[in-house]
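The primary structure of each chain is shown beneath.
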4 protein chains.
Amino acid sequence: MKNTFGNSVAVTLFGESHGEYIGAVIDGLAPGIEIDHEYIANLLTLRRPNGDISTPRQEKDEYKIVSGVINNKTTGTPITILIPNENVKSGDYSEMKTVARPSHADYTAECKYHGYQDSRGGGHFSGRITAALVAAGAICKYALEQKGIYIGTHVKKCAGVSDREFNNLSADINTVNAKTFAVLDDNIGEKMKEAIVKASSEGDSVGGILETAIIGVPEGVGEPWFDSVEGMLSHIMFSIPAVKGIEFGAGFAIADMQGSIANDPMRINDGKVITTTNNNGGINGGITNGMPIIFRTAIKPTPTIFKPQSTIDFKTMTETTIEAKGRHDPAIVHRARVVQDSASAIVLCDMLSMRFGTDWMK
Amino acid sequence: MKNTFGNSVAVTLFGESHGEYIGAVIDGLAPGIEIDHEYIANLLTLRRPNGDISTPRQEKDEYKIVSGVINNKTTGTPITILIPNENVKSGDYSEMKTVARPSHADYTAECKYHGYQDSRGGGHFSGRITAALVAAGAICKYALEQKGIYIGTHVKKCAGVSDREFNNLSADINTVNAKTFAVLDDNIGEKMKEAIVKASSEGDSVGGILETAIIGVPEGVGEPWFDSVEGMLSHIMFSIPAVKGIEFGAGFAIADMQGSIANDPMRINDGKVITTTNNNGGINGGITNGMPIIFRTAIKPTPTIFKPQSTIDFKTMTETTIEAKGRHDPAIVHRARVVQDSASAIVLCDMLSMRFGTDWMK
Amino acid sequence: MKNTFGNSVAVTLFGESHGEYIGAVIDGLAPGIEIDHEYIANLLTLRRPNGDISTPRQEKDEYKIVSGVINNKTTGTPITILIPNENVKSGDYSEMKTVARPSHADYTAECKYHGYQDSRGGGHFSGRITAALVAAGAICKYALEQKGIYIGTHVKKCAGVSDREFNNLSADINTVNAKTFAVLDDNIGEKMKEAIVKASSEGDSVGGILETAIIGVPEGVGEPWFDSVEGMLSHIMFSIPAVKGIEFGAGFAIADMQGSIANDPMRINDGKVITTTNNNGGINGGITNGMPIIFRTAIKPTPTIFKPQSTIDFKTMTETTIEAKGRHDPAIVHRARVVQDSASAIVLCDMLSMRFGTDWMK
Amino acid sequence: MKNTFGNSVAVTLFGESHGEYIGAVIDGLAPGIEIDHEYIANLLTLRRPNGDISTPRQEKDEYKIVSGVINNKTTGTPITILIPNENVKSGDYSEMKTVARPSHADYTAECKYHGYQDSRGGGHFSGRITAALVAAGAICKYALEQKGIYIGTHVKKCAGVSDREFNNLSADINTVNAKTFAVLDDNIGEKMKEAIVKASSEGDSVGGILETAIIGVPEGVGEPWFDSVEGMLSHIMFSIPAVKGIEFGAGFAIADMQGSIANDPMRINDGKVITTTNNNGGINGGITNGMPIIFRTAIKPTPTIFKPQSTIDFKTMTETTIEAKGRHDPAIVHRARVVQDSASAIVLCDMLSMRFGTDWMK
């Protein structure tokens, strides 16, 4: 169902980068869930460009909730979030209308929408739409925390520089959630930022890897075929612009292991089944096993760069070159992490509601 | 919707390893599509265990189609495929019923199904269920070929041994589709088999990486949010038991690139837009750009091994050890490739039918 | 999703009248639900043609369950039911292949399936497919009874003869469920049968109205928009061949009432909210209110009659006449009632599982 | 999926009567569809209360489209429509918060939302939400007209007074679409209005029957099981507050016919298959046959009346009486007709896009 995702809890996204509003409808959340506006605003701030490693487009993301909430509690009916687009300079993009930016969706949008697409600032493909996903996900993430379920994402790698491994998950999740630039080791973070600034100064961009940890999810959630936890999470994650890969637990590294190493030995700890390693990332047969859910995504470097690139004009069908102007991020990996948290939160609310009923999230 | 996947073309899977039948319903395919039984049988044979690198369980997978087909043409109504389970020795598994096999779904099945699950041979979680997916996918794959769309998967890596890169895609797809052990370089294939046999002789197992190429898909297919081509393909791929990661185009390697390298330059070739590299794997903004769709999955080593492993009995909630008996694959990566082809074919038929209408597949 | 219906509990139907099997997959039912084969067989018997008021095609409907059940308990995974087609005389239908039977789906099938449809005995459009729906629904209906939810349908009207009103619902549901020809007043039933036999002797057919009552459904189930209880029930009921209308509570009669009469006064009875009339059929704003759910469907007379009718040959595009031969029901209203029960049971299991979680049905 | 309906074209509804905005997202419409604001405004005006037969609440429904449209053409991405709530007097409803209005959703909302629902003016259950459905449906209805598909609804019956039958459908559709009070015979319309005014003067309300005709739909659209045209239309129609029944073609009257009368004889007219009667309402086996689609809905009398009624306070669980104050419609049947048109248009766009691809609507 295209721009709507989920079964019991579903999110619908809408809007274009330079339209009046972007927004989201989050439907199916239990009634009585508290809305913490400071919490939502904080997640939106974390997604927003900041400082010299991000585009100077500085919007406040002053969202408003226009349905589904009274007295700061969900009513149980669809929650609609609107975020106005301010600070729009559509002139910056006029040149790009039929000259495709390589590795952007300009040409595929043309193929699908036959010239009717809104090409200003990426239109409906703009990363800006993720602000609405973050606002919707923030409500879900907060609700999950009230049930003892915590989500955190760090920049595992950026511009070739790697953060330390997750260690004490509960503490590490708190740590990264409190940071603007979400790394476990701030010295590493500084090196990442330096690498971003360096690429930026060369008119280039960098990518990275985001790692998410989720703790507190009850065991027994997910389906063996199709609506596995991995299937549902991956489905939504590939909507985050720039994600080109996802892996759970040991991920691609597991391909080189032997079974005797890869298998997670099982033990009993305080009357609860645990595994002593977590190469399966908390999921067996598509279903949660009570261990932390761990996954990583590959974020490609921002495609808009200030170097000349070979491209085509899809209207005249001629070859040409393009060189970006205006305001563009040299990296988005540090901003995307909060989108990843939010998308995870939405999927979890959906899967938990399917499993335990719509009142469980209350 | 749990065991059903797809919008315009949807597949429903059912069955347990030791039940009477496993099977699939594939619904929404256009009327008039030819059913090539030899083609289906061949794909089933490729999935089947073979020789000394696979379990000796040798079933013929004598599927039958009991609805939706007349005179070897689809009618347009649901096609039901039944595959009887023969050669069942359920005694082999009696010990395992409450002792969880590490990294299998035994414990998560217990959490979800509260002791009512069919634990014989993995039950509904068994890799055997993929035979039904292959039969359904074979119909789709054959139909796609009539429309000029070809899918091929090779064992990119197994037990740490890597195949050569895809090169001439059209020829390479033909090559791998004709092979039982799908590698581009047969010398490499021999080394992989040796590594599998070695691991097997040690009572251990190995994993690998599968790489799929799809050519001929028209541009403009897919959705920007949620039902992106990547989202849909990844959703179904994580249903293949043992898949722990998926990446498109350059995948995780793109995280280390700069934009100027990662971006795919665009050119015009014979009046058609192409890119000179394909780091995005044929997909921009979730939508096909006409270039080959390329993706890879990480296949974990078969969890059933013949070494003693620490585990738990989830009934008595005590710690114990387990050591596999019976017949088990030391690797499934070479068998899973045809499952990956089939799942891809189903998703493509669905997305093409959504885009161009149900008669397009005819 | 075409031949699949439901969200948390979903049913997929497949098969053709003269194919090898018809069947259903019912997915999402909780684990541990008892399968009562006598109960299923009984519902199938009630659907089956019987005596001189039905077609002499006498199949035993010897269904088998080939997945999702062990030791007569659901496993929680998809339950697949197969019913073999026996006693097939496809010769009877050879003439009809391109001459459309008026008010049948012959011509619309041609429009949709372009000549590839299975036209033998109605193919996928045959009322026979409802046997699979009944078997799936029987499992659901039995499960609901274990939770105190009871469903019963009587022939409210047939050939212009009306049964008495529902009175004591609990007793009346028991009464109709125990009968082959489900009327509350057996004298009326005899008159209906006489009218059916009379129409049959004239080569004609008759229709009727089915009324269903459901008691014991908790309040608070259903959605205000779209997935209202009425919306979900009506959606599935129109799949029953011959249904041309559905109404809830007072139904079309409410159109003539004034609000002061139509409104259901509310009272408190034994600490529970009740209404003293039930013109809304147990549903307000799409959501159950704890009162009995009451609805009626209009069943058209069987379209196959033994009188000559004006029709067309859609291959030659010429006008012609048709006169049925072979075995055909002069009425199906008395058989359809168990289909209506079954479809209701499936929808209720789905909506209750969505509301209270998948284990609620256990 | 709760507040979202449709497969290829889907609508999501949100908002509460006294919230900031109500609105709709309509997703999946082809790119390049013209937006005719006058057309949308006109349909909204037809839904709006007017004169002495409607509530004096006179809102202008000044909708705005905030995404998915540029230069008055659809972009192909989700179209979001916002309608601000003005003229809100929430004081009028303060008394009703825990005293349930009989035959309203007050009590069922409490059962589902546990006191968190927005009870002001009916909240999410308010008929006002249908304004958003109308705006979304207006876009679809206009798009269908460009493809030669026309929809019209008349008040078939109101307060026991019946309009004449549809006769020349093409002309009659034009006629009713041009009228504020949609009857074919204006003298009848005056009698209906008199009856409404009379009921209103007594503090009471009336209901009626709406009849919709749709011409120009190609044959071969719809599915045999579940997603039949009847199933899809009925599913959405029961979301219109006050609808308690729906019937297609001859509807409930067909139950009393014999097959020889009910069957629609088939002829060939100008090389096209037609039927000489249309008792099946243009649908056989769930699929369109090219004849006009005809259906009727039963609209209950507005439940809010100015007479004292027995009811309960669901907070104190005591019996009490209620007597409406403020502004309320004595009838909504004449306003609901445009909602019925709009809902029909949405379903048709969805089913046509599923059948012929997303570009067909262009």
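Given the structure is predicted, the values throughout are model-derived calculations rather than measurements.

With respect to the interface of chain B and chain C
Frequently, the measure chosen for interface size is the accessible area removed from exposure when the parts meet.
Thinking step 1. Taken together, the contact between chain B and chain C spans 44 residues of the former and 44 residues of the latter.
Thinking step 2. Of the roughly 3,400 Å² buried between chain B and chain C, counting both surfaces, carbon and sulfur atoms make up 61%.
Thinking step 3. The interface formed by chain B and chain C includes 2 salt bridges.
Thinking step 4. A salt bridge links Lys64(C) to Glu20(B), with the shortest nitrogen-to-oxygen separation between them at 3.1 Å.
Thinking step 5. Between chain B and chain C we count 12 residue pairs in polar contact (both at pLDDT 80 or more) in total.
Thinking step 6. Going through the elements one at a time, strand 2 (10-15), strand 3 (21-27), strand 4 (64-67), strand 6 (73-74), strand 7 (79-84) and helix 2 (106-113) of chain B are the ones with two or more residues in the side of chain B that touches chain C.
Thinking step 7. Of the residues forming the side of chain B that touches chain C, the biggest block, 5 residues, is contributed by strand 2 of chain B.
Thinking step 8. When its residues are assigned to classes, the side of chain B that touches chain C shows 13 nonpolar, 20 polar and 11 charged.

Some points on the relation of the copies chain B and chain A
Here the two chain copies are tied together by a rotation about an axis and a shift along that axis.
Thinking step 1. Rotating chain B by 180° about the axis while translating it 0.0 Å along that axis superimposes it on chain A, leaving an RMSD of 0.0 Å. Viewed as a symmetry operation, the transformation between the two copies matches a two-fold axis.

Let's talk about the side chain of Glu16(A)
Thinking step 1. Tracing the backbone shows Glu16(A) in the loop between strand 2 (10-15) and strand 3 (21-27).
Thinking step 2. With no salt bridge to any partner, buried Glu16(A) finds its closest opposite charge in Arg120(A), at an N-O distance of 6.2 Å.
Thinking step 3. The contact partners of Glu16(A), leaving out residues within four places of it in the chain, are Tyr21(A), Ile22(A), Asn85(A), Asp118(A), Gly123(A), His124(A), Ile129(A), Ser67(D), Gly68(D), Thr75(D) and Thr77(D).

Observations concerning the interface of chain B and chain A
Thinking step 1. Of the residues lining the interface, 105 residues belong to chain B; the matching set on chain A comes to 106 residues.
Thinking step 2. In total, about 8,500 Å² of surface goes out of reach between chain B and chain A, with carbon and sulfur atoms giving 59% of it.
Thinking step 3. Counting the surface chain B buries against chain A, the share from its top three residues, Trp225(B), Phe226(B) and Lys244(B), is 12%.
Thinking step 4. Put simply, chain B and chain A have 8 salt bridges between them.
Thinking step 5. Taken together, the links from chain B to chain A amount to 54 residue pairs in polar contact (both at pLDDT 80 or more).

Remarks on the relation of the copies chain B and chain C
Thinking step 1. Mapping chain B onto chain C is achieved by rotating through 180° and translating by 0.0 Å along the same axis, at an RMSD of 0.0 Å.
Thinking step 2. Of the interface residues in chain B, 100% have counterparts in chain C that sit at the interface too, so the contact is made through matching surfaces.

With respect to the environment of Asn187(D)
All names here are of chain D.
Thinking step 1. Considering the arrangement of structural elements, one finds Asn187 in helix 5 (residues 186-201).
Thinking step 2. Classification of Asn187 by relative accessible area gives exposed; the value is 58%.
Thinking step 3. A C-alpha to C-alpha distance of 45 Å links Asn187 and Phe314, two positions 127 residues apart in sequence.

Structural notes on the sheet that holds strand 16 (residues 293-299) of chain B
Thinking step 1. The strand order 9(A)-8(A)-10(A)-16(A)-11(A)-11(B)-16(B)-10(B)-8(B)-9(B) describes an open sheet built from 10 strands, whose pairing is antiparallel. The outermost strands of the open sheet, each flanked by one partner alone, are strand 9 (161-162) of chain A together with strand 9 (161-162) of chain B.
Thinking step 2. The pairing of strand 11 (residues 243-248) of chain A with strand 11 (residues 243-248) of chain B spans 3 bridges and is classified as antiparallel. Paired with Gly245(A) across the bridge in strand 11 of chain B is Glu247(B).

Looking at the pairing of strand 7 (residues 79-84) of chain D
Residue and element names in this part refer to chain D.
Thinking step 1. Counting buried positions over the 6 residues of strand 7 gives 5, a clear majority of the element.
Thinking step 2. With 6 bridges connecting them, strand 3 (residues 21-27) and strand 7 associate as antiparallel partners. Following the sheet pairing, Ala24 is matched in strand 7 by Ile81.

Considerations on the packing of aromatic side chains
Thinking step 1. With the rule as written, the count across this model stands at 26 aromatic pairs over all chains.
Thinking step 2. Here the aromatic rings of Phe248(B) and Phe295(B) are separated by 5.6 Å at their centres, their planes lie at 40°, and the arrangement is tilted. On the criterion of sequence distance, the pair formed by Phe248(B) in strand 11 and Phe295(B) in strand 16 is long-range, its members being 47 residues apart.
Thinking step 3. Counting every residue linked through ring pairs, the aromatic cluster contains Phe238(A), Phe248(B) and Phe295(B).
Thinking step 4. When the ring centre of Trp360(A) is taken as origin, the NZ or CZ atom of Lys147(A), which lies over that ring, is 4.6 Å away.

Quick notes on the pattern of salt bridges
Thinking step 1. Applying the stated rule across the entire model yields 72 salt bridges over all chains.
Thinking step 2. A salt bridge links Glu319(D) to Arg267(C); its shortest N-O distance comes to 2.5 Å. Highlighted residues: Glu319(D) in strand 18 (residues 318-322) and Arg267(C) in strand 12 (residues 266-269), drawn from two different chains.
Thinking step 3. By relative accessible area, Arg267(C) is classed as partly exposed at 25%.
Thinking step 4. Overlapping salt bridges bring together Glu211(A), Glu247(A) and Arg296(A) as one network.

A few points about the sheet that holds strand 3 of chain B
Thinking step 1. Pairing is antiparallel in the open sheet, where 5 strands are placed in the order 1-2-3-7-4 (chain B). Since the sheet does not close on itself, it has two edges, and those belong to strand 1 (4-5) and strand 4 of chain B, each with one partner.

Brief notes about the pairing of strand 18 (residues 318-322) of chain C
All names here are of chain C.
Thinking step 1. Judged from the 5 bridges that link them, strand 17 (residues 309-313) and strand 18 form a sheet pairing that is antiparallel. The residue bridging Ile312 from the neighbouring strand is Glu319, located in strand 18.
Thinking step 2. A loop of 4 residues connects strand 17 with strand 18, the two strands running antiparallel in sequence, and Met317 in this loop sits at a positive phi of about 50°.

A few points about the environment of Thr275(A)
Residue and element names in this part refer to chain A.
Thinking step 1. Relative to the helices and strands, Thr275 is located in strand 13 (residues 272-275).
Thinking step 2. Sequence separation between Thr275 and Met361 is 86 residues, and the spatial gap between their C-alpha atoms is 27 Å.
Thinking step 3. Excluding its chain neighbours within four sequence positions, the residues that come into contact with Thr275 are Asp264, Pro265, Met266 and Met291.
Thinking step 4. Side-chain polar atoms of Thr275 contact the backbone oxygen of Thr277, separated by 2.5 Å.

Considerations on unusual backbone geometry
Thinking step 1. Even without being a glycine, Phe226(C) presents a positive backbone phi close to 75°.
Thinking step 2. Within the secondary structure layout, Phe226(C) lies in the loop between strand 10 (208-215) and helix 6 (229-237).

A few points about helix 5 (residues 186-201) of chain C
Given 3.6 residues to a turn, an α-helix orients residues that are three or four positions apart in the same direction.
Residue and element names in this part refer to chain C.
Thinking step 1. Between its first and last C-alpha, helix 5 extends 22 Å over 16 residues, near the 22 Å set by a 1.5 Å rise per residue.
Thinking step 2. All buried positions along helix 5 are accounted for by Ile188, Gly189, Met192, Ala195, Ile196 and Ala199. Along the long axis of helix 5, the arc covered by the buried residues comes to 120°, so they all point the same way. Those residues of helix 5 that are exposed and angled more than 90 degrees off the buried face are Asn187, Glu194, Lys198 and Ser201.
Thinking step 3. Those residues of helix 5 that are buried lie in contact with strand 8 (150-158), strand 9 (161-162) and helix 8 (333-356).
Thinking step 4. Gly203, located one to two residues past helix 5, shows a positive phi value of around 75°.

Observations regarding the side chain of Lys156(D)
All names here are of chain D.
Thinking step 1. Looking at the element boundaries, Lys156 is found in strand 8 (residues 150-158).
Thinking step 2. Judged by relative accessible area, Lys156 falls into the buried class, the value being 13%.
Thinking step 3. Once you skip the residues sitting within four places of it in the chain, Lys156 turns out to touch Val161, Ser162, Asp163, Glu165, Met192, Ile209, Leu210, Glu211 and Arg296.

Each value, and the rule that gives it
- Residues numbered from 1 in each chain as written.
- Chains lettered and ligands numbered in written order.
- Predicted model: local features only at pLDDT ≥ 70, side-chain atom pairs only at ≥ 80, totals over all residues.
- Heavy atoms only, no water.
- Contact = heavy atoms within 4.5 Å.
- Buried area = accessible area lost by both parts, 1.4 Å probe.
- Salt bridge = Lys/Arg side-chain N within 4 Å of Asp/Glu carboxyl O.
- Polar contact = N/O pair within 3.5 Å; in protein donor to acceptor, adjacent residues only side chain to side chain.
- Helix = DSSP H or I, 4+ residues; strand = E, 2+ residues; numbered from the N terminus.
- Nonpolar A, V, L, I, M, F, W, Y, C, P; charged D, E, K, R; others polar.
- Least-squares fit on C-alpha atoms with pLDDT ≥ 70 in both.
- Buried < 20%, exposed > 50% of the residue type's maximum accessible area, 1.4 Å probe, protein only.
- Lys, Arg positive; Asp, Glu negative; His and termini not counted.
- Pairing = 2+ DSSP bridges.
- Phe/Tyr/Trp six-rings, centres within 6.5 Å; stacked < 30°, edge-to-face > 60°.
- Lys NZ or Arg CZ within 6 Å of the ring centre and 35° of its normal.
- Expected span 1.5 Å × (residues − 1).
- Arc of directions from axis to C-beta.

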